[in-house]
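# Structure assessment
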Amino acid sequence: MNNQISVELSPYAEVVQGFKKGTMKSSKVEISESKKKIFEEAAKAWKEYLATPEGKVLETDISKSDLNGVRQKISGILNSGAFKLLKELLEQTGLDAGSFSIGLNIEAELIIGIAATIGLAIGVGDNKGLASSEFITVALDEGIDEGALVGVQFGLWTNSPSCLGGYAWATEADGGVVGELAGKIVYKGEDDDDLLGVTVEVGIGEEDGIDEQECYTFIIGSQSGAGDGFLKPAYQPVKSNFLIIKSVTCNNTQSDGVGNANEVYFKFQADGEGKSYYYPTYDYMSMQDGDVWYCGRSVWFNSSVQVGLFDSDSIGNDSDPIGNFTINLSNLTLNSIKTFTSTVNYNSGLDHVDYTIQVELVATNVSSR
């Protein structure tokens, strides 16, 4: 198992973990013949690439690589001679403005099963040569056995490369896509039936079929160089114990003069080591009285965790603390949920600030196994 990739993917998986399962919808989508030809050529190019010296050692390379190494590998694959005809076909075919993507499908296990696609998207149609992006798409998968490269995904999208991020759900394409290639139809958002794209997946080995799936795509880099979409560093080293901050409950907000909601985020520190991690790493959660935020943030620790809750209009401004929580291993029971109240009273004047968090210890003595 590639522990390094598992650890680096875990902050992305924590975002997806908080999703509430929705009802999958499906509708018949006709795939044009021109797009079918592109997918057919992509599958052919992939098989040709696997026969090259670089392709023969791909699985071994991925098993020893970190996330940055996988990103570099994908760029090299698309630039290899095996994909020359595919790139020519993308230029010659009259496609609508959108994107074409190639991504490596990787399964990883780190307490939580992760099914991830680490990929590169390039502009097609009117977007040709104008945009590109790197992305990570993550879904939770309880059925995986170990970290591994399981194949490649090709996609044709209606959005530009920089606009592929966000929540989506996918379902198996009716009748496949072309020949024996099974495909997914991908739709935007939880309450949005708009078509986002079509993908096909070609496996390294045995295929188990395609399931309906909820996922989230993070844009981790773009051609513009502006840095939009990058998450803050949030990779913790593996320690002896593993807990999940399952939820934050707002019992009473702090008045901040800009409405009746707090813009909530938290930071935590394990074992007093001096390094703090922020969550969310990309945003904040707007909360009013009675709201529950199912945050699902995992934390590695040995003996204790300190959690600070803040209300701010911008991440990183710690001037408005609204909760402080001390979590000791001795307070926790394996696989049981415990509620913590703030150890500091932030009430002042008419403000009766009241937040609680729920924590579950999910693994112990991990590093000694």
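Residues numbered from 1 in each chain as written. Predicted model: local features only at pLDDT ≥ 70, side-chain atom pairs only at ≥ 80, totals over all residues. Heavy atoms only, no water.

Applying the stated criterion across every chain, the model contains eleven aromatic pairs. Measuring from ring centre to ring centre gives 6.1 Å for Trp46 and Tyr49, while their planes differ by 25°; the resulting arrangement is stacked. In this pair, Trp46 and Tyr49 are both assigned in helix α2 (residues 33–50), three residues apart and thus about one turn of the helix distant. Of the residues examined, Trp46 reaches a relative accessible area of 0% and is grouped as buried. Both rings, one in Phe100 and one in Phe154, keep their centres 6.2 Å apart while their planes meet at 20°; by these two values the pair is stacked. (Phe/Tyr/Trp six-rings, centres within 6.5 Å; stacked < 30°, edge-to-face > 60°. Helix = DSSP H or I, 4+ residues; strand = E, 2+ residues; numbered from the N terminus. Buried < 20%, exposed > 50% of the residue type's maximum accessible area, 1.4 Å probe, protein only.)

Following the sequence through the fold, Asn241 ends up in strand β9 (residues 241–252). Among the polar contacts listed, one links the side chain of Asn241 to the backbone nitrogen of Asn365, at a separation of 3.3 Å. The residues touching Asn241, leaving out its near neighbours within four places in the chain, are Val299, Trp300, Phe301, Asn302, Leu329, Leu361, Ala363, Thr364 and Asn365. (Polar contact = N/O pair within 3.5 Å; in protein donor to acceptor, adjacent residues only side chain to side chain. Contact = heavy atoms within 4.5 Å.)

Scanning the entire structure with this criterion turns up seven salt bridges. Of the charged contacts, one joins Lys36 and Glu33 as a salt bridge, the two residues approaching to 3.7 Å between their closest N and O atoms. Of this pair, Lys36 and Glu33 both sit in helix α2, three residues apart, which is roughly one turn of the helix. Here Glu33 falls in the exposed class, since its relative accessible area comes to 54%. (Salt bridge = Lys/Arg side-chain N within 4 Å of Asp/Glu carboxyl O.)

Take the nonpolar core next. In this structure, Trp46, Phe83, Leu104 and Phe154 are the most contacted members of the largest nonpolar core, which totals 51 residues. No other element matches α2, which puts seven residues into this core. One finds Val248, Cys295, Phe325 and Phe340 within the second-largest nonpolar core, a separate group that totals 28 residues. (Core = buried A, V, L, I, M, F, W, Y, C linked by side-chain atoms within 4.5 Å.)

To continue, consider α2. Taking 1.5 Å as the rise per residue, α2 with 18 residues should run 26 Å; its terminal C-alpha atoms sit 26 Å apart, in good agreement. Considered for burial, the residues of α2 that qualify are Ile38, Phe39, Glu41, Ala42, Ala43, Ala45, Trp46 and Tyr49. (Expected span 1.5 Å × (residues − 1).)

All quantities given are derived from atomic positions and should not be read as evidence of function.
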